[in-house]
Structure formats: C-alpha cells, structure tokens
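Here is what each chain is made of, one letter per residue.
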Amino acid sequence: MHSLIRKINKKHNSAFTFLLMLCFIPPNVLATTVSAPINPPVTSQPLQPAIYSKMSIHHPVWAEHGMVATQEALATQIGLDILKQGGNAVDAAVAVGYALAVTLPRAGNLGGGGFMLVYLANSKKVIAIDYREKAPSGASRDMYLDQAGEVIPNLSTYHGLAVGTPGTVMGLEHARKHYGTLTREQLMAPSIKLAKEGIIVTADLANSLTAMQKRLSQWPETQRIFYKKEGINYQAGDLFIQTDLANTLTTISQQGEKGFYQGEIAQAIANSVQEAKGNMSIKDLQQYNVVEREAIKGSYRGVQIYSMPPPSSGGVHIVQILNMLENYDLTSMGHNSAQHIHTLAETMRRAYADRSLHLGDSDFVKVPVNTLTSKKYAKQLVAGINPDHATSSKDIQPDANLPYESDQTTHFSIIDQWGNAVSNTYTLNYSYGSGMVAKGTGVLLNNEMDDFSAKPGHPNGYGLIGGEANAIAPNKRPLSSMSPTIVLKDEQLFMVTGTPGGSRIISSTLQLISNVIDFNMNIADATAATRIHHQWLPDTIRIESGLSLDTIRLLEAKGHELQLKQTMGSTQSIIKQKSGFYGASDPRTPSSLSLGY
Ligand code: GLY
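Calculation criteria
- Residues numbered from 1 in each chain as written.
- Predicted model: local features only at pLDDT ≥ 70, side-chain atom pairs only at ≥ 80, totals over all residues.
- Heavy atoms only, no water.
- Helix = DSSP H or I, 4+ residues; strand = E, 2+ residues; numbered from the N terminus.
- Buried < 20%, exposed > 50% of the residue type's maximum accessible area, 1.4 Å probe, protein only.
- Contact = heavy atoms within 4.5 Å.
- Areas by Shrake-Rupley, 256 points an atom, 1.4 Å probe, with all protein chains shown as cover.
- Phe/Tyr/Trp six-rings, centres within 6.5 Å; stacked < 30°, edge-to-face > 60°.
- Lys NZ or Arg CZ within 6 Å of the ring centre and 35° of its normal.
- Near = heavy atom within 4 Å.
- Polar contact = N/O pair within 3.5 Å; in protein donor to acceptor, adjacent residues only side chain to side chain.
- Nonpolar A, V, L, I, M, F, W, Y, C, P; charged D, E, K, R; others polar.
- Pairing = 2+ DSSP bridges.
- Expected span 1.5 Å × (residues − 1).
- pLDDT = per-residue confidence, 0-100.
- Axes fitted to C-alpha atoms, helices over the stretch in contact; angles between N-to-C directions.
- Parallel < 35°, antiparallel > 145°, perpendicular 65-115°, else oblique.

Concerning the overall build of the protein chain
Scanning the protein chain for helices and strands turns up 21 helices and 21 strands. Buried residues in the protein chain amount to 64% of all 597 residues. A fraction of 71% describes how many contacts in the protein chain between residues 6 or more apart in sequence connect residues 24 or more apart. Per element, the accessible surface of the protein chain, about 22100 Å² overall, is 52% carbon and sulfur.

Describing the packing of aromatic side chains
Applying the stated criterion to the full structure yields seven aromatic pairs. Taking 5.8 Å as the distance between ring centres and 70 degrees as the angle between the ring planes, the aromatic pair formed by Tyr158 and Tyr430 counts as edge-to-face. Of this pair, Tyr158 sits in the loop between β4 (125–131) and α5 (168–179) while Tyr430 is found in the loop between β11 (421–427) and β12 (437–438), placing the two residues 272 residues apart along the sequence. A relative accessible area of 27% places Tyr158 in the partly exposed class. Taken together, a centroid distance of 5.0 Å and an interplanar angle of 65 degrees make the contact between Tyr234 and Phe240 edge-to-face. Residue Tyr234 is classed as buried on the basis of its relative accessible area of 12%. What makes Phe240 buried here is its relative accessible area of 0%. Among the aromatic residues, those joined into a cluster by ring pairs are Phe226, Tyr234, Phe240 and Tyr432. The ring of Phe494 carries Lys489 above its face, with NZ or CZ at 4.4 Å from the centroid.

Description of the site of the ligand
Residues in close proximity to the ligand total eight residues, the closest being Asn429, Glu448, Asp451, Ser480 and Ser481. At 2.8 Å from a nitrogen atom of the ligand is found a side-chain nitrogen or oxygen belonging to Asn429. A distance of 2.7 Å is found between a nitrogen atom of the ligand and a side-chain nitrogen or oxygen belonging to Glu448. In the complex, 100% of the free accessible area of the ligand, which totals 200 Å², lies under the protein chains. Partitioning the shell around the ligand into residue classes produces one nonpolar, three polar and four charged.

Quick notes on the sheet that holds strand β16 (residues 532–533)
Strand order in the open sheet formed by three strands is β16-β17-β18, and the pairing between neighbours is mixed. Of all strands in the sheet, those bounded by a partner on one side alone are β16 and β18 (562–564). In this sheet, strand β17 (residues 541–543) lies alongside β16 in antiparallel orientation, the contact comprising two bridges. Residue pairing for β17: His533 is matched across the bridge by Arg542.

A word on helix α16 (residues 338–358)
Between its first and last C-alpha atoms α16 spans 30 Å; for 21 residues at 1.5 Å apiece the expected length is 30 Å, and the two agree. The element α16 is largely enclosed, with a buried count of 18 among its 21 residues.

Some remarks on the confidence of the model for the protein chain
Summing up the model confidence of the protein chain, the mean pLDDT is 90 and the portion of residues at 70 or higher is 88%. Across residues 399–403, where pLDDT falls below 50, the model places 21 contacts with residues more than four positions away in sequence or in other chains. For the stretch residues 459–465, pLDDT sits under 50, and the model shows 30 contacts to residues farther than four places along the chain or on other chains.

Some details on the environment of Phe452
Within the secondary structure, Phe452 is located in the loop between β13 (443–444) and β14 (485–489). The class of Phe452 is buried, set by a relative accessible area of 1%. In this structure the C-alpha to C-alpha distance between Phe452 and Asn470, which are 18 residues apart in sequence, comes to 5.6 Å.

Overview of the packing of helix α6 (residues 184–197) against helix α10 (residues 243–255)
Taken N-terminus to C-terminus, the directions of α6 and α10 make an angle of 170 degrees; their axes are 8 Å apart at the nearest point. One finds that α6 runs roughly antiparallel with respect to α10. Across the interface between the two elements, Arg184, Glu185, Met188, Ser191, Ile192, Ala195 and Lys196 from α6 touch Thr243, Leu245, Ala246, Leu249, Thr250, Ile252, Ser253, Gln254 and Gln255 from α10. Its residues assigned to classes, the contact of α6 with α10 shows seven nonpolar, six polar and three charged.

Pasting the structure below:
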C-alpha cells in the first residue's frame, strides 16, 4: 500500500491521495507543526490532504485568511495582530520590521539595511524595494589597505569605517507610504511597547549575547545596553528593557523618517561613527535614498520566480542555478541522492564563480543580468558538467577567493487576506553588526561595508564578495546575497520565501523551491530537509547533518570533498493554495514561528 501511495504522490494526484489518506487518518487528528502556534489555528475548511499526509514527517501551520512567518515569535505575533486588525501584508511587514529590531537585536535592525519584495494582488505586480546601506561619501576604493597595499584587519568589521549609511527606516517608511494602509503610529506602537516595557529574554537571545560578550563589550554604550551592571549576562527569563531604543522608535513614530535621518538621532549616529574613526557624516544620512528596482524574473518548470536584483546577487544566481537544474530530471535522481547532490554542487559551483566576477551595484557597474539569467547560457554551462565526476573549481575561472560571509541576517514572509505578499530580508551583516550602538539612541550600527571587496581580485581573498565590480566607491551599495523571493504559479501567488545565511542564502532558497517543485514536498518537509552548499571556492560541498555515509562515500568517489558544518539558513516560507495558507518557519532557529488566522 505504501508503494502505491508513493506512486500516486509522484503523479501529483492529490484528489486520489486524499481519498486514500482518509482511510488512514482519524478525522480528529490535527498535524503537529514544525513551530507549534501559540494558538493553534481553528480550521473551518477541510484540511489540505497533501499537507496532512501520513507520508510527511513535518507539517506546516495552516490558516484560512493570512499568515506571518518570522524568525522570532513575538514579532510574528505582532505581524499577525496587524493582519487581524485589517492591515495588509505591507502594514504587517512594517510592524514586523520594527519589532525584530527590538526582539531579535542580532539581525533585526534600524541601523542596517535590506530588501523587500512586495506582491500586489490587484495589479499582479512585483515591486522590489532596495533599502541596502550605502558607502558614506567619504569612502574610497582602498580605504581598508595599508601603504603596502595589504588589508588592515578589523577596519571593515569592528571600526567606525565599517558602518554603511543605514537604509532600514527609510525602506520601511517607503513601503508603508506607498503600499500600506495603516498609520505609522499604529504599526510602531507594538514595538515601542516591547522596547519600553521589556521582553522576556529567550534562551536564544541569552546564548547569542553570551557568545558575543567579548566583541560587544568593547563598545561601552553597547555594554551598557546589552549587559547588566558589572558585565553580567542576561539569562533566559530575565526582563530586558531598551529605553533608548523605545525613545528612538517613538521619535520615528512621531516624525517619520526625518526623525531618524535628520536632527538629534542622525547627529548621534554620525558622532558615534566619527568617534570610532569612521567618516559617515550627517549629510550622508540626510541624502540616503531608497530605490525601487525591477525584480529579477525567471521560470522553473512552469512556475515564475521573482527575486532581488543587484545590488543583491541573490535573484540572478537563484534563477541561473534553477535554469541549469531544469536540464535534469531531479525527481528521478531521488532527493539528496549522490547524483542529486552532485548536480546541485556542479550547478552552484558555476554560478558562484560568475558571481565573484560579475556582480556589483548596477548603479555603478554593468552587471550582465540578462545573460546570467538566460536559459541559453544555462545550457552552455550544463554542457560542461560531467555527470560522473566533479569539476575542479581551479578549472572554472575567475580567480577571486571568497572569505567569511556573515549568516546573521533575518527574513520574514507575509501574505494577507487579499493575497498581497511581502518577502523581506534585512541585516546588520555580522551578528549585532559592528557591535557599536550610536550613543543615546539604542541603535546598533551595521558593518555592511565588509560586503564590499576590500582588495578586488586579490588571489588570497580579501573582501567579502567578488572582484572589481564590487570595489568600494562613495555612495555605492555593497553586494549582497539576500534573496527575498516570490513564486507565482498559473499567474497566481504560490510561494513566498527567503532566508538568512550569507552566501548560503542563494543555495538554501533554491533548494527549498526545488524541494517543493521537484520532490512534491509540503513546505514544512521542504524546509526541514538537509541542505548542501557549494560556492565555487572553497572547492568543497558544505553539508548539514542528515546525509547517509553511503551518499557521502559516493560523492567522494566522484571527486568531491565534503565538509560537515553548522546548519544553513533559517527559511521563513508560506504557500498559498485554494484551501488556505501553509506556513513553515525553519526548525533550525529556535524562536522562529509561523502563525496564521
Ligand atoms: N551581509 C550579508 C548579505 O548582505 O548578504
């Protein structure tokens, strides 16, 4: 009987599967969820059969009207409350964006930047909002090099020169003004309350503050805010109040973006950066601008993929890799078989090599987006893939090396009752960014300047991403991997997804999409499935736990080197179907939660 069900599932015959499932599932059995909702959704419609299948290990959260998936439970609840009050997906996204700055300070932020994709159900349009940080006008190509041309350690990471002009507040305000429906005060009130009255410290927050104590305590203002007197750590269960941040949020709530980019807060940010020997001026803050860009568009086995264009590399390379994968019958290879992983690794290797050479801020350099995302170019690349043996990355140009890329970004996905959607990824770059809090504001400042190439083309690898195209220039935006993504099927909204994870964002997002499309997984199984990553250099397949030793041996026999490392990504995804919304927050992150109503 099981093999019969498998066969039927393979044919996507969900109606027949449903009838079979009814034979096995008692009517009162509700599925367990990956992240159990605080208030489990009350269902007034039949459960979607493929979701509550006995063939699935993980099950998504189901809801009838709307869904919010974020990396932190309090922020999810705030987004859900906004949806229930009649706000649309953008309203909820703005509220969540501010809330995460309070509840997930290592990545949620006011002092960083990011990208938001908005799907407007009425016009069926996808809008891409770029609120990435910009290099201050005093920045220069060689600003991190000494006289001998060598990179000076820590300047692009833990120093005033590491801070890019923040974009988050203007990005959220732009989204609200153009696509939201509720007032700024309504959307910011919950986060002001949380900052003022305090949040209960979770084990996750306590752990991250403990891990970061040495680095953060170098900044007296940061030490004052994030640690108790005498430098004692907050413990899980403690109350954590952020009075300065509450005041900053109140100012923004009353004055809008001017409250952040002009006046006392802007002055405090510029002063703190300059005291730390950076060169950001109040003028840089006053002149910061958000850009609406054309989303990257691709297709994969009949669904349409929309993702973020440069200065993110995410959209281009998700589409490029999916274009290559379309040339293979992944389904018949079997999920995470050696042949499947070999094919993923070989396609990723080629795309990440291209990334290192071609990608940068398209306002400053020409990025060959059309070629990189064309099916023809994908076929050309696929022609060089040997199905039986790994290609050495040495044999794939170009010649840059890619060092550490922070995975401390955060993503949220939201769909409202009208079918509007938001896919948003934003970041401070490193965990808690530069570690510097601007005096008296409670605002942690990013170290996004580290995402530029400090020494473009250097063979031993300095600079986060790539070569000349990603060299530093005044007012330029550093290249990113952040890939908020929206998938349409039959011209209808189908999936909203994205993840943190540095360079692994691209590979994690495309594996999630492929897991749903090629392997017919529900969104929770697709989320939980073991991920792999290859980024050209280093020439290894990075794997999570969960692959069999047999598979690993088969991959080694093909010439691959594998490295078992920390888990990758924290996808926050929602699928929309006729029967409702299905959300899955990544079990890799302890506090993440999907909730619907
Ligand atoms: N800072 C990580 C990224 O932008 O991809």
